[in-house]
Structures are given as structure tokens and as C-alpha cells.
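Each chain, letter by letter, is given below.
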Amino acid sequence: MNKRFFHRNAMVMPESRSFLERPRINRLLAEAVQHPYVLVTAGAGYGKTQAVHSFLLQYDAATAWIQLSERDNLGTRFWESFAHTLSLFNDRIATRMLEFGFPDTDACFEEVITIPEDELAPNDKHVVVFDDFHLIENPSVLEFIRRIMRTPFANITLVLISRTEPAINTVLLQARGLLSSIGEDELRFSEKETEEYFHLLGLPLTSRSMADIYRDTGGWVLALNLLGLSLKKAPAREQVARTAMKLNVFKLMESEIFLVISERLRHFLVRLSLIDHLSASLISLLAGDPTLEEELKRVSSFVRYDIYTNAYLIHHLFLDFLRRKQDMLTEEEKREVYRQAARWCDENDFKIDAISYYEKAGEYEAIIEIAYQFPAQVPPNQAKFVLDIYDNGPTERLAKIAPYHLQRSRLLMSLGRYAEAAAADRDRIAKYSTLPPSDFNNRILYGAYAALAFTSLQLMPVTDHCDFDLLLEKSDYYHRLSPSEEHGPVAIFVMDAWVSRVATTRSGAMEEYIETLTRATAHTRGYMDGLDDMARGELHFYKGDLKPARKLIRQAQAKAEACNQYEIRNRALFYLMRIGVAQGDYEETQTLFRELEAQLEMPEYNHRFITYDIVSSWYYSLIGREFAAHWLRGRASDDSIGYHSADFGNQVKARLDYSDNRWHDLLARLESMRSPYNPLFAQLEHKALEAVCRYRLKERTAALAVLGEAYELALSNNIIMPFIELGKDMRTLTAAALREKSCAIPRPWLEMISRKAATYAKHLGLVATEYRKARNIDHGAALSSREKDVLRDLYHGLSRSEIAANHNLSINTVKMVLSTIYTKLDADNVADVIRIALEQDLIKH
């Protein structure tokens, strides 16, 4: 394999070859990395980082090195850095991980934990190093690491380097043979290694001197390094050097390193101590003079350039020493360093670090510009991070930045603080609408009306109030009066599993909503184009009117493509695929699949991997669950709101539970998904699933009761597809309802649903069979020879008694064999058994 090594930020790199070549330590590490986890724990100056780095440079593995800092206690910042670092292994890893956001729940963790294994070559060895892990105190970040260490990767070793024992149950991991530990005793230089080190420095000392040095240093790597530097300059002053070393390490750094270099390099090093990112390109930018950069490279005892990572590496203690010198810098010098670092981070997609540096530089306009690029629904921890910066910032200055007000409302809404955001927006409207017109006032009003439109749309399921079009009209009016406004209209529509936000069964509510969408689209300059056609097509689909549904959804898709509205296009493909399956059109589903895959090649579509996984996994839930995305197979429901729609993913997770006959898990998931914000289509999908689930659990009375509730919800809008898409299970349930004399559901409706569900099951079977045949996938049930004999006789029309006589079996044995065949083929009756057996080539015509 090609050796690759990536590193972020600063780490220890002493100059001497003896620090790079310690066979004893290399042997320990070579054995340690055969475990899924390695823990290297020792105090400052023991050469932890140096030892691991030196070993990995020689080890045959792709390595990602993550230098942690105190700022990684912010989950979003940690995740951004972690994802960017892993992008060395595969660019798609970072893209997919950033789409999900920081996994602060079990459900989120299940979603992201499989990404590295999905994307990495299974036969290649990979190592991920977290350096300075002792700096991590945030419970969410620590819990993420704990979760990782409970879920070993097949081809990834995780290495933690820490000054203290981490808050992780390492004893249990060691007992299970999953973790190897290396501590201070292993990292200390032995007497022999100490002697070899001074010999390499050209300092042959007497045995007594060596014994004294070893006693004084205890094999402490940093002390040996500093002592060696001092003795090289004045070999005769051994006693003085040893005394100085014992008194103060920082004083030794001052005299042996800091005061020796030029004044401009001292100044530059102190400037570097302000930041964490030490990429070569950023260092060049800050240096501004190639000769200064060359001088920096020559200071190689505690600072050096690493060719493997294209970064500068600084010893942690020397960094602490430099930070104590920061009063050498003026406030303007500090701000300029932060400003340049922020711009570099922004350009290189380290957005959280960019925001942090801009805050230190006092450039709040730049922070607001970055926040403008966030999705309409900002991940909660990210929203809180930026909102805290705003709340702690200069209030009067921020109030004079027009986009700030809109950004603050967006962040409040992302945290679920709708009432607070709406109240602030109404106050701004009341204030600025009475002031004389100006560009600034118009921008404030444009943002306030846009934010209120977003709130109105989000709260519509509970308010049944549909006025977002009027608010958008006002927003658009003031936006057009704002010539200095650089951004387009604010996106107020967060695409979910359903386009409709209507939750009521009130007659006409669906149509009112769609007409409101049509009016609203006229004021959004493209970003909602096609959404009203999608809503119309969606309603036709749920009514079972598939032909007009397809036409309208294709219309929506074309409009969305013209305006680069990727989410609308994605949902259009989702519904078109559902229509294709319902009509048994395998070729159509494959054409749609190719269109779906084409979205993966659109880097400007930020959520492409997640939405591809969700839509494709819905399809796979019907034809072969094993092909579904790993993160969607998890049992926990995700109720967090991040870069993707939790409801969309949970809906598909529920379908996967259903296809896998995990009835209790399905009931638990449906309960967790219950919410007053669920639109009517979601309520119906959930009720229909619950009804068949309870029937499968032999809860007949409860199943029929839930089916009755679903019927009542569907009645006013004539919705039938949530029932039909459950195929033979719904056919079985409706048959039971028809037999139940006390069932209040009208017989014609039950008969219609039963008939259409049977047709759907047949069409689904055709699509699934064609899919398997096209890929030479053998999904035939594994039947025993006796089961095959009985199946063959059944196909030829023999009765149970005839089958028993034909094979010298009892009638009860034949019944038992038939029951097993029914279970294996997931069939309900003889006709089902014969059809499925023919589809799977278990019997010949």
C-alpha cells in the first residue's frame, strides 16, 4: 500500500536521531498496534508523541494524526477537525461525516460509526492518533470516544496519547484483549539508551557522570534533551548544567534556545503560539518573508518542519514557554495573527476555528458571513456556539450589522426557541417599519419577515395557520429595496420526508397549503421552484392517483433542476421510485436509481450522501435489506436535528424494522417518532405500520383499533397509499377486519384496500425478482431436501394426505414441513408459496 501520513497542528519533534530510533520502544509499539486500541500515558516531556510518531513513520499503515487542543471541547469543532483529518484516507469520509454533524446521541453515533469501514479498503491497515487527549473534558466528546472504544473497527487502530489516565474504562478493554498500554516506565530512557544518546551527541562522559545524570533525570526525555544541548555548548560545565536543569526547565529553554535565535524569530515564534493550526501554508502567510521561514526551519531542537505532514511541529512545553511571552506582542499584532489564521481556516473549510479566530480578532462581520453559509436548520451545538459569541460580543456594534439580526433569529429557531425568535422579529418590524426608509432599515425588515415566515412554516402542524406566503411577500419587497444586500433570499423551507406540513384532517387544508406554496414561490427567486408541484404530486400519490402524481413530480423535478434545488430533486426521485415499484416497473426504478447516483457527483449538493443512503435504503428495504446503508439499520431513533432530516431517516429505519420482522423494535421506534409536529402523511404512515405490526404480534383487537384510527385520519382526503404500500400484510389485516362483524370500517373501503394491496405485493415481487436476476443474486430460501420434495408435490397439486403417503410421512409431519416452508418464504397461503417458489427458482415450471 502507499504510505500516507497526515497530521493536524503541533507536536513534539526533537532533533537527535536517538529520539527517532529507539528499537525497544518501536518493538513495544509494533506489538501494541496489533490491538484495536493503544493508550500511551505519561507526564510532559516523556517523548510520548515523538515515540509514536517515529514508529508510525516506519510502520506500514495509513495514519491520521489529530492534535487536540482545548477548543476541541466544542463538539462541532472536534467533529470538523476529525472529519477533515480522516479525509486523508478517503475524501468521501469527511464529506459524509460533516453531513451528519457531531454524533451526540446513540442514534447519531450508529449513523456515522460505519462510515470509515464503508469507505476504507478492508485489507489496508489504518491508524488514527489522538494526541494530547488529556485536554478533552467535554462529556459529549468523551462519550464519543467511549462509544468508539466499545465498537472496534476491523482495520483501524485508535491510539490515544495523554498526560493523564483518560476517563475511559481501560481495565475492561485490557481484560478483553482490546487495548495495549504504554506508560512512563516504558518511555523512560534506560541507562544504556542514555549513554548511547550522549555518545551520539559527541559527549563521551565518565561512568560516574553518566550515573549522576541518570539519577538526576530518571531517564526523563525532555531533561536529557535540554541537558545535552547545554553540555554541547560547554562540556566542562556538567555540574552547573545539571543544577540548572533541575531548577527550571523554562529557564533552560530561555538560555539555550530563545536567547540564541534572532529577535525577529523570537517575535515570530511568540506570534505562532497564539494559534493551533501550524500548516506550512499558514506559516508562510504569517512569516511574509521566506528568509524568516528558513530561519525557523533551522531551529530544530523543539520546532521543526515535518515533510510527511507539510506542517511545523512544536514541542508542547516549548509552546507553553512561548505563550508566557505573549505580552511581547501588541494587541494589534495579536489581532492580525488571528485575522490571518481565520482567513486561512475559512478558505480551508475549518469553519469553527475560523469563527473562533475572527472572534479574537474582533471581526464579527466575517463571523456573520460564515454563519450565512450554514443550512437553514443549524445543528444545535453549532447554533449554540455562534449564539454564545453573539451574546458575549459588543451589543451596540452587532446591532449595526444588518444581517446579524436575521442570523440571531435563525440560531434561536435552530435551538427550538421559536417564541423568542418570533418576538424579537416582531419587535424589529414594529420599530423599523416606523423609521424613515433606508438601506439598513430595509435589510432589517427583509430579514425579520423572512425569519417569521420560517417560524410560521415550522409551527404550521400545531397552529394550522398558513400565512408564510404573506410574510415572504413582505420579505421580498424589502429585499428588492436593499441594493447593498449581497445575499439572495433566505431559505425558509427545510426539506423533510414530506413536502406537506399539514397535520389537520380539516377538509381543504391540503389544497390551501399547496396554493400558499404557489404564492410563496413567486417571492423566493428560484429556491422553492417546483415545490408546489411536488406538493400536488405528493397529494396525488397518497391518494393513489399515480399517473397525475408522476406527471406533477416530473414537472417539479425539471423546475428544481433549472434552479439547482438538489433537495427537491432528491425527493422527486424518491416519490418517482415509489411509483415505479407500485406499478411493477423495474426498468423505471433502475433509471431513477441512476439519476439518484448522479447526485453523488454533485459536490455542491451538501447532503448528497445522506439523502442517497436514505432513498436507496427505502428501496432496499423492499428488495433486500442487506443492501441498506449500515447507519440506517440501527435500532435507535434519531430525534436530533442536524444537517439532515431526522424524520426522513427515521421513516426509512422504521421500514427496515418492518422488513426485518423486528416488531417490538418497530413499535418502540414509532412511539419515539410521535410528535405534535408530524404532518398528516407521517401520522398515517405510522398508524398503518403500527396496525400491521400489532397484527403480526397477534394483538388482533389492538391492530383493528389502530387500523380504524388510520382510516379516520385518511377519510377526509381519500388517502390510501400508506395502506397499499404494506402489501400482503395489509391484505391479511383487511381480510381479518372483513371477518370481524364488529369492525366499524366500511366493507367497500376494506375490500378496495385489500385488492390494491394484493396488486402492490405482486408488482413489488416482480421488481425484486428482476433486481436479483439482473445481478445474479441468489436469494432463494435455503430449503432442506424434504422441504423441496413437499414443495414440489404441492406445486403439482397433491393434497396433504397425498403428500404424506407419497413420502411415507404422517399428516402432522407434512403440516409441520409446510409451516416451515411458509415461514422461510414469508408466504401467507398456497398461492403465495407457489408464486414465490417460482420467482426464486425453487421449482421448475
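Nothing here was measured: the structure is a model prediction, and the numbers come from that model.

What to know about the overall build of the chain
- Across its full length, the chain carries 45 helices and 8 strands.
- Relative to its full complement of 845 residues, the chain shows a buried share of 59%.
- Put simply, of all contacts in the chain between residues at least 6 apart along the chain, 72% involve residues at least 24 apart.

Overview of the pattern of salt bridges
- On inspection of all chains with the given rule, the structure shows 49 salt bridges.
- Linking K351 and D346 is a salt bridge whose minimum nitrogen-to-oxygen distance equals 2.6 Å.
- K351 gets classed as buried once you look at its relative accessible area, which sits at 17%.
- Here E699 ties to R694 by a salt bridge, and the two come within 2.7 Å at their closest N and O atoms.
- Members of the salt-bridge network, linked through shared partners, are R71, D72, R77, D276 and D353.

Re helix α21 (residues 351-361)
- Among the 11 residues of α21, 9 are classified as buried, and the element is accordingly described as predominantly covered.
- In this structure, the buried residues of α21 make contact with α4 (75-86), α20 (331-347), α22 (364-371) and α23 (380-392).
- Directly beyond the C-terminal end of α21, a positive phi value near 75° is found at G362.

Focus: the packing of aromatic side chains
- For the structure shown, the criterion picks out 37 aromatic pairs.
- Summarising the aromatic geometry, the rings of F258 and F321 are spaced 5.4 Å apart at their centres and angled 80° between planes, so their arrangement reads as edge-to-face. Of this pair, F258 sits in helix α15 (residues 249-258) while F321 sits in helix α19 (residues 316-323), and the two are 63 residues apart along the sequence.
- Overall, F321 belongs to the buried group, its relative accessible area being 3%.
- Ring pairing ties together the aromatic residues F541, Y542, F574, Y575, W618, F648 and F681, which thus form one cluster.
- A cation sits over an aromatic face here: R266 above F258, 5.8 Å from the ring centre.

Quick word on the environment of A453
- One can find A453 in helix α27 (residues 439-463).
- Given a relative accessible area of 0%, A453 falls into the buried group.
- Separated by 21 residues in the primary sequence, A453 and K474 have C-alpha atoms spaced 9.7 Å apart.

Observations concerning unusual backbone geometry
- For N661, which is not glycine, the phi dihedral falls at a positive 60°.
- Accessibility expressed as a relative area gives 37% for N661, which makes it partly exposed.
- A positive phi angle, near 55°, is found at N718, a position not held by glycine.
- Relative to the assigned elements, N718 resides in the loop between α38 (700-715) and α39 (721-724).
- N718 gets classed as exposed once you look at its relative accessible area, which sits at 53%.

Points about the confidence of the model for the chain
- Looking at the chain as a whole, the pLDDT averages 84, with 88% of positions reaching at least 70.
- Averaged pLDDT values for the elements of the chain fall to 39 in helix α1 (residues 17-20) and rise to 97 in α39.
- Low pLDDT, under 50, characterises residues 7-20; the predicted model gives this stretch 66 contacts beyond four residues in sequence or across chains.
- Segment residues 639-644 is flagged for pLDDT under 50; beyond a separation of four residues in sequence, or across chains, it makes 21 contacts in the model.

Some words on α38
- Taking 1.5 Å per residue, 16 residues should reach 22 Å; α38 reaches 22 Å between its end C-alpha atoms and fits that length.
- The complete set of buried residues in α38 reads A703, L704, V706, L707, G708, A710, Y711, L713 and A714.
- The elements touched by buried residues of α38 are α37 (680-696), α39, α40 (727-739) and α41 (747-774).

Thoughts on the packing of α20 against α21
- Between α20 and α21, the shortest axis-to-axis distance is 8 Å and the interhelical angle comes to 160°. Here α21 runs roughly antiparallel to α20, going by the angle between their axes. As for the relative orientation of α20 and α21, their crossing is left-handed in sense. On α21, the residues that touch R335, Y338, R339, A341, A342, R343, C345 and D346 of α20 are K351, D353, A354, Y357, Y358, K360 and A361.
- Partitioned by chemical class, the residues of the contact of α20 with α21 number 8 nonpolar, no polar and 7 charged.

Quick word on the packing of α23 against helix α25 (residues 402-414)
- Following both chains from N to C, one finds α23 and α25 inclined at 140°, their axes separated by 9 Å at the closest point. In terms of orientation, α23 lies oblique with respect to α25. Considering the relative orientation of α23 and α25, their crossing is left-handed. Two secondary-structure elements touch here, α23 through P380, A383, V386, L387, Y390 and D391 and α25 through Y404, Q407, R408, L411, L412 and S414.
- In the contact of α23 with α25, the residues fall into 8 nonpolar, 2 polar and 2 charged.

Quick word on the environment of V303
- Among the structural elements, V303 can be located in strand β7 (residues 303-306).
- In the structure, V303 is positioned 13 residues away from H316 in sequence and 10.0 Å away in space, judged by C-alpha atoms.
- V303 has contacts with L269, L296, L313, I314 and F318, leaving out every residue within four places of it along the chain.

Digging into the environment of R694
- Along the chain, the position of R694 falls in helix α37.
- When the C-alpha atoms of R694 and V706 are compared, they prove to be 8.8 Å apart, with 12 residues separating the residues in sequence.
- Among residues more than four places away in sequence, those in contact with R694 are L667, E699, A702, A703 and V706.

Some points on the nonpolar core
- Membership of the largest hydrophobic core comes to 228 residues, with the highest contact counts inside it found for F82, V128, F130, F318, Y619, F723 and M730.
- Examining the composition of this core, we find that 12 residues originate from one element, α27, more than from any other.
- Dropping the residues within four chain positions of it, F318 is found in contact with M253, I257, L269, F302 and V303.
- In terms of nonpolar packing, the next biggest core, distinct from the first, is built from 21 residues, I25, V40, A61 and I161 among them.

Some thoughts on the pairing of strand β4 (residues 126-131)
- Buried residues dominate β4, accounting for 6 of its 6 residues.
- Side chains H126, V128 and F130 project from β4 onto one buried face, and the interleaved V127, V129 and D131 project onto a second face that is buried too.
- Bridge count for strand β3 (residues 62-67) against β4 is 6 bridges, and the pairing is parallel. Considered in β4, the bridge of W65 is made with V129.
- Bridge count for β4 against strand β5 (residues 156-162) is 5 bridges, and the pairing is parallel. Each residue of the ladder has a partner; that of V127, found in β5, is T157.

Details of the side chain of E80
- Position of E80 relative to the elements: it lies in helix α4.
- Buried within the structure, E80 lacks any salt-bridge partner; R77 is the closest side chain of opposite charge, at an N-O distance of 6.3 Å.
- If near-sequence neighbours (up to four positions away) are discounted, E80 is found in contact with L98, D349, F350, K351, I352 and D353.

Definitions and limits used
- Just so you know, the residues in each chain are numbered from 1, in the order the chain's sequence is written.
- It should be noted that, the model being predicted, local features are given only for residues of pLDDT at least 70 and side-chain atom pairs only at 80 or more, the latter also being counted only at that level, while totals for whole chains, interfaces and linings use all residues.
- To get the side-chain values, all heavy atoms of the structure are used, and hydrogens and water are removed first.
- Helix numbering and strand numbering both begin at the N terminus, where a helix is a DSSP run of H or I of at least 4 residues and a strand a DSSP run of E of at least 2.
- When accessible area is computed with a 1.4 Å probe and restricted to protein chains, residues below 20% of their type maximum are described as buried, those above 50% as exposed, and intermediate ones as partly exposed.
- We call two residues in contact when some of their heavy atoms are within 4.5 Å.
- Note on definitions: salt bridges are taken to be side-chain nitrogens of Lys or Arg within 4 Å of carboxyl oxygens of Asp or Glu.
- Two aromatic rings from Phe, Tyr or Trp, using only the six-membered ring of Trp, form a pair when their centres are within 6.5 Å; if the ring planes differ by under 30 degrees the pair is stacked, by over 60 it is edge-to-face, and anything between is tilted.
- When the NZ atom of lysine or the CZ atom of arginine is within 6 Å of a ring's centre and also within 35 degrees of its normal, the charge is said to sit over that ring.
- Residue-level confidence of the predictor, termed pLDDT, takes values from 0 up to 100.
- Expected span of a helix: the number of residues minus one, times 1.5 Å.
- Note on geometry: axes are lines fitted to C-alpha atoms, helical ones only across the stretch in contact, with angles between N-to-C directions running from 0 to 180 degrees.
- By the definition adopted for this analysis, an angle is roughly parallel if under 35 degrees, roughly antiparallel if over 145, roughly perpendicular if from 65 to 115, and oblique otherwise.
- Should the near helix be turned counterclockwise from the far one by less than a right angle, the crossing is left-handed, whereas a clockwise turn marks it as right-handed.
- The nonpolar class holds Ala, Val, Leu, Ile, Met, Phe, Trp, Tyr, Cys and Pro. Asp, Glu, Lys and Arg form the charged class, and all remaining residues, Gly among them, are polar.
- Take the buried residues of types Ala, Val, Leu, Ile, Met, Phe, Trp, Tyr and Cys, join any two whose side-chain atoms come within 4.5 Å, and each joined set is a nonpolar core.
- At least two DSSP bridges between two strands are required for those strands to pair.
- Two residue types count as positive, namely Lys and Arg, and two as negative, namely Asp and Glu; His and chain ends fall outside the count.

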